[in-house]
Amino acid sequence: MFEKELENIDYVRSHHFLLIQAIELAGGVIVVSLLLWFFIIRDPFIRWVYGSSGFSPEEVSMEMKRVDLKKNTSLQSSVIRGLNIDIRMTFKQKINVNAAVLNIQKYGFWGTYARGSRGNALYDKIAPYDVALAFGNAGKEQNFNALAFKSDYRYFEARVNGRWEGLFNGDEFGNYMIIPSGKNIEAGLSLLKVGDIAEFEGYITELENDSSIKEASNMKATNQGKVEIKNGGTVIRKEAEIIYLTKLSFNGRVFQ
């Protein structure tokens with residue numbers, strides 16, 4: 001019996017290199033698979049599974065088209081920090097614009113957790129993307145290249161540090177907190193990059209916590225995001241807007 005156990009121990013010792021090789025091989029396969037997914041497979045997979053072929057803009061719009069309306073949506077429930085929160089959205093304007101993307105940020109679980117009370121859990125859950133856009137003269141390539149950008153949590157700054165051509169209009173810049181209308185829109189947003197020219201269609205929206213739970217971090221924020229546009233001594237300050245996005249089109253694909 002004792003000799004049998006010794007034989008088993010010797011076998012394990014003499015073949016432990018096989019276990020090490022198996023672990024190394026498995027690790028290598030995982031690493032290669034992740035690299036293939038993120039750098040080769042992911043983008044075309046999302047484009048073809050979640051998007052459809054269609055028109056995408058090559059030039060920016062002169063302005064953002066806005067149609068005034070007031071439409072209350074039905075209550076939508078979402079679990080935020082373990083609490084069931086009822087959200088009411090009010091559509092204030094229908095919008096459409098072809099714009100250049102200046103900046104894009106995604107707010108996920110880890111960012112919400114790490115920020116603690118500094119962030120707003122309601123916005124992080126419901127509007128997980130910030131997208132800064134320029135259209136009109138500000139969105140033209142020569143002026144796009146004359147800008148420097150700075151961003152932080154729900155904050156965006158654009159500063160002119162090069163030669164600006166034509167009129168300078170701060171209304172041609174904006175930072176938008178995006179509520180995806182569905183998984184196709186969210187998939188499209190995950191592919192969006194700085195410098196892309198894209199069509200955005202949806203609704204300027206007001207968010208409100210309409211539940212009986214009024215935890216401070218889940219209530220409607222009085223400051224939903226700041227935007228600063230700087231050109232020499234001129235500083236233009238305004239708030240971000242929330243867009244319930246129903247259509248996103250860029251690089252030959254339409255997400256809706």
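Please refer to the structure placed before this passage.
In this report, we go over the structure that sits alongside the text. From a predicted model like this one, the values you see are computed outputs, not experimental measurements.

This part covers the nonpolar core. Counting residues in hydrophobic clusters, the biggest one holds 25 residues, and the most contacted among them are V131, I178, L189, L192, F200, L245 and L248. Non-local contacts of L245, meaning those with residues more than four positions away in its chain, are made with I178, I179, P180, S181, I185, L189, F200, E201 and G202. Ranked by size, the runner-up nonpolar core spans 17 residues in total, among them I87, M89, F91 and A240.

The next point concerns the side chain of D124. Its place among the elements puts D124 in helix α3 (residues 121-126). A polar contact is formed between the side chain of D124 and the side chain of Y153, at a distance of 3.0 Å. A distance of 3.4 Å separates a polar atom in the side chain of D124 from a polar atom in the side chain of R154.

Before going further, it helps to spend a moment on the pairing of strand β11 (residues 234-239). Side-chain direction in a regular strand flips from residue to residue, so the side chains alternate between the two faces of the sheet. By the bridge criterion, six bridges tie strand β10 (residues 226-231) to β11 in an arrangement that is antiparallel. Its bridge partner lying in β11, K230 is registered against V235. Linkage of β10 to β11, two consecutive antiparallel strands, is achieved through a turn of two residues, within which G232 is found at a positive phi near 65°.

Attention now goes to the packing of aromatic side chains. Each pair of aromatic rings is reported with the distance of its centres and the angle of its planes. Tallied over the entire structure, the rule returns nine aromatic pairs. Considering the side-chain rings of W164 and F168, the 5.2 Å spacing of their centres and the 75° angle between planes classify their relative orientation as edge-to-face. You can call W164 buried: its relative accessible area is 15%. Using a relative accessible area of 24% as the deciding quantity, one classes F168 as partly exposed. Within the aromatic cluster, the residues linked to one another by ring pairs are F91, Y203 and Y244. Above the ring of W48, the side-chain terminus of R253 is found at 3.8 Å from the ring centroid.

On to unusual backbone geometry, then. The backbone of R154 shows a phi angle near 55°, a positive value even though the residue is not glycine. Relative to the elements of secondary structure, R154 occurs in the loop between β6 (147-152) and β7 (155-160). We classify R154 as buried; its relative accessible area is 5%. Despite not being glycine, N251 shows a phi value in the positive range, around 50°.

To continue, consider the pattern of salt bridges. A side chain of one charge can pair with a side chain of the opposite charge if their charged atoms are brought near each other. Under the definition given, this model contains eight salt bridges. Between K193 and D43 there is a salt bridge, with its nearest N and O atoms 3.5 Å apart. A residue pair is termed long-range when its members are at least 10 positions apart, and K193 in the loop between α5 (183-191) and β9 (197-209) and D43 in helix α1 (residues 2-50) qualify at 150 residues. Given a relative accessible area of 24%, D43 falls into the partly exposed group. Residues joined in a network through salt bridges with shared partners are E157, E228, K230 and R237.

We now examine the sheet that holds β10. If you trace the four strands from one edge of the open sheet to the other, you get β6-β7-β10-β11, paired in mixed fashion. The open sheet is flanked by β6 and β11, the only strands paired with a single partner. On average, each strand axis in the sheet is inclined to that of its neighbour by 15°, with strand direction left out of account. As defined by bridge partners, β7 adjoins β10 across five bridges and the pair is classed as parallel.

In this section: a nonpolar patch on the surface. Residues I41, F45 and V49 make up a contiguous nonpolar surface patch of about 250 Å² in total accessible area. As for its position among the elements, V49 is in helix α1. A relative accessible area of 46% places V49 in the partly exposed class.

What counts as what
- Residues numbered from 1 in each chain as written.
- Predicted model: local features only at pLDDT ≥ 70, side-chain atom pairs only at ≥ 80, totals over all residues.
- Heavy atoms only, no water.
- Core = buried A, V, L, I, M, F, W, Y, C linked by side-chain atoms within 4.5 Å.
- Buried < 20%, exposed > 50% of the residue type's maximum accessible area, 1.4 Å probe, protein only.
- Contact = heavy atoms within 4.5 Å.
- Helix = DSSP H or I, 4+ residues; strand = E, 2+ residues; numbered from the N terminus.
- Polar contact = N/O pair within 3.5 Å; in protein donor to acceptor, adjacent residues only side chain to side chain.
- Pairing = 2+ DSSP bridges.
- Phe/Tyr/Trp six-rings, centres within 6.5 Å; stacked < 30°, edge-to-face > 60°.
- Lys NZ or Arg CZ within 6 Å of the ring centre and 35° of its normal.
- Salt bridge = Lys/Arg side-chain N within 4 Å of Asp/Glu carboxyl O.
- Axes fitted to C-alpha atoms, helices over the stretch in contact; angles between N-to-C directions.
- Patch = residues over 30% accessible without salt bridge, like charges linked within 9 Å, V, L, I, M, F, W, Y side chains within 5 Å.
- Areas by Shrake-Rupley, 256 points an atom, 1.4 Å probe, with all protein chains shown as cover.

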